[in-house]
Amino acid sequence: MPIKHDTSYHGFLKKAVTSRNVTVVHDHQHVIIFDGADMCGKTNIACELSSRTRIPYFKNSSERDAFSSDPSYFSVASRFIDTYIVDFLLTTKTSVIFDRNYPSEYVYPIVFKRRRDLDVLRKVDERHAELGTFIIVPYRTSFHGIVDDTHANITSDRLRLIDDLYIEFCEWSQCRCLRLNVDDNNIDREINDIKMFTGI
């Protein structure tokens, strides 16, 4: 599905930026979701992309605590918050870079045996496809010896399972998804690959 540009959108930043790394001013809406297995540099890459493009970065600060203390938080968020956010984006034409969003709720309930509502996820995914959302999924060729630095129960075996489920998500989703290899830890190459994929 081609991106639907709204030429009436006047963006949050209209003045040209001329530093070596900051390249663009946007007259069109851009919504990008970074999601995927832990320990693949999603946050660093998302923040760097935001810095270079001046598209605002957003991460839900509640999710890490909820992961351990209240797993039901995520199903509620998927049903009410994610649907609200996508309607907000469709209405306001706001550009944003998300550090995790609804794709996580496709994957993690399977790994940790929580309830997953595929009907809600499908509706949210369809709205994001309508929006023209790009989904970036960083991954490593091998997770051998890697354990999540916050949640020790996310072992290397679980990271591999999580990544496999993100491959499944990319096939299931109606959005355009990029599997971004991060083995070389080369932020410039990673940003360039994302820019080529998204056209920003």
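Residues numbered from 1 in each chain as written. Predicted model: local features only at pLDDT ≥ 70, side-chain atom pairs only at ≥ 80, totals over all residues. Heavy atoms only, no water.

Observations concerning the overall build of the protein chain
Quick note on the threshold: Going along the chain from the N terminus, every DSSP run of H or I of four or more residues is numbered as a helix, and every run of E of two or more is numbered as a strand. A 1.4 Å probe rolled over the protein chains alone gives each residue an accessible area, and that area as a share of the maximum for its type sets the label: buried under 20%, exposed over 50%, partly exposed in between. Whether two residues touch is decided by their heavy atoms; if any such pair falls within 4.5 Å, the residues are in contact. Only the protein chains shown count as covering a residue, and every accessible area follows the Shrake-Rupley method with a 1.4 Å probe.
Scanning the protein chain from N- to C-terminus turns up 7 helices and 5 strands. The order of α-helices and β-strands along the protein chain, N terminus first, is β-α-β-α-α-β-α-α-β-α-β-α. Counting the 200 residues in the protein chain, one finds 46% classified as buried. A sequence separation of at least 24 residues applies to 74% of the contacts in the protein chain between residues at least 6 apart. When the accessible surface of the protein chain is totalled, it reaches about 10200 Å², and 53% of it is carbon and sulfur.

Overview of the sheet that holds strand 5 (residues 176–181)
Threshold: At least two bridges found by DSSP between two strands is the condition for calling them paired. Inter-axis angles, ranging from 0 to 180 degrees, are taken between N-to-C directions of lines fitted to C-alpha atoms, where helices are fitted over the stretch in contact.
Spatial strand order, 2-3-1-4-5: 5 strands in an open sheet with parallel pairing. Edge positions in the sheet fall to strand 2 (57–58) and strand 5, since each of these pairs with one other strand and no more. Docked against the sheet, helix 6 (residues 156–172) engages strand 4 (134–139) and strand 5, running at close to 150 degrees with respect to strand 5.

Details of the nonpolar core
Put simply, the rule reads: We define the nonpolar core as a collection of buried residues of types Ala, Val, Leu, Ile, Met, Phe, Trp, Tyr and Cys that are connected through side-chain atoms lying within 4.5 Å of one another.
Ile32, Phe34, Leu49, Tyr102, Val107 and Ile194 are the most contacted members of the largest nonpolar core, which totals 46 residues. For this core, the element with the most residues is helix 6, which contributes 7 residues.

Comments concerning the side chain of Thr198
Stated precisely, the cut-off is as follows: In protein, a polar contact requires one atom able to donate a hydrogen and another able to accept it; more generally it is a pair of N or O atoms within 3.5 Å, and residues adjacent in sequence count only if both atoms are side-chain atoms.
You can see Thr198 is positioned in helix 7 (residues 187–198). From its side chain, Thr198 meets the backbone nitrogen of Ile200 in a polar contact 3.4 Å long.

What about the packing of aromatic side chains?
Put simply, the test is: Classification of ring pairs rests on two measures: the distance between centres of Phe, Tyr or Trp rings, Trp counted by its six-membered ring, which must be within 6.5 Å, and the angle between planes, read as stacked under 30 degrees, edge-to-face over 60 and tilted in between. By definition here, charges over rings are those cases where NZ of Lys or CZ of Arg is within 6 Å of the ring centre and within 35 degrees of the ring normal.
Counted under the stated rule, the structure contains 7 aromatic pairs. Consider the rings of Tyr106 and Phe169, whose centres lie 5.4 Å apart with planes at 70 degrees: the pair is edge-to-face. Taken together, the residues span a long stretch of sequence, with Tyr106 in helix 4 (residues 103–111) and Phe169 in helix 6 at a distance of 63 residues. Each member of the pair, Tyr106 together with Phe169, is buried. Arranged with centres 4.9 Å apart and planes meeting at 40 degrees, the rings of Tyr106 and Trp172 form a pair that is tilted. With a gap of 66 residues between them, Tyr106 in helix 4 and Trp172 in helix 6 connect regions that are remote in the sequence. Ring pairs connect the aromatic residues Tyr102, Tyr106, Phe169 and Trp172, which therefore count as one cluster. The side chain of Arg122 reaches across the aromatic face of Trp172, ending 3.9 Å from its centre.

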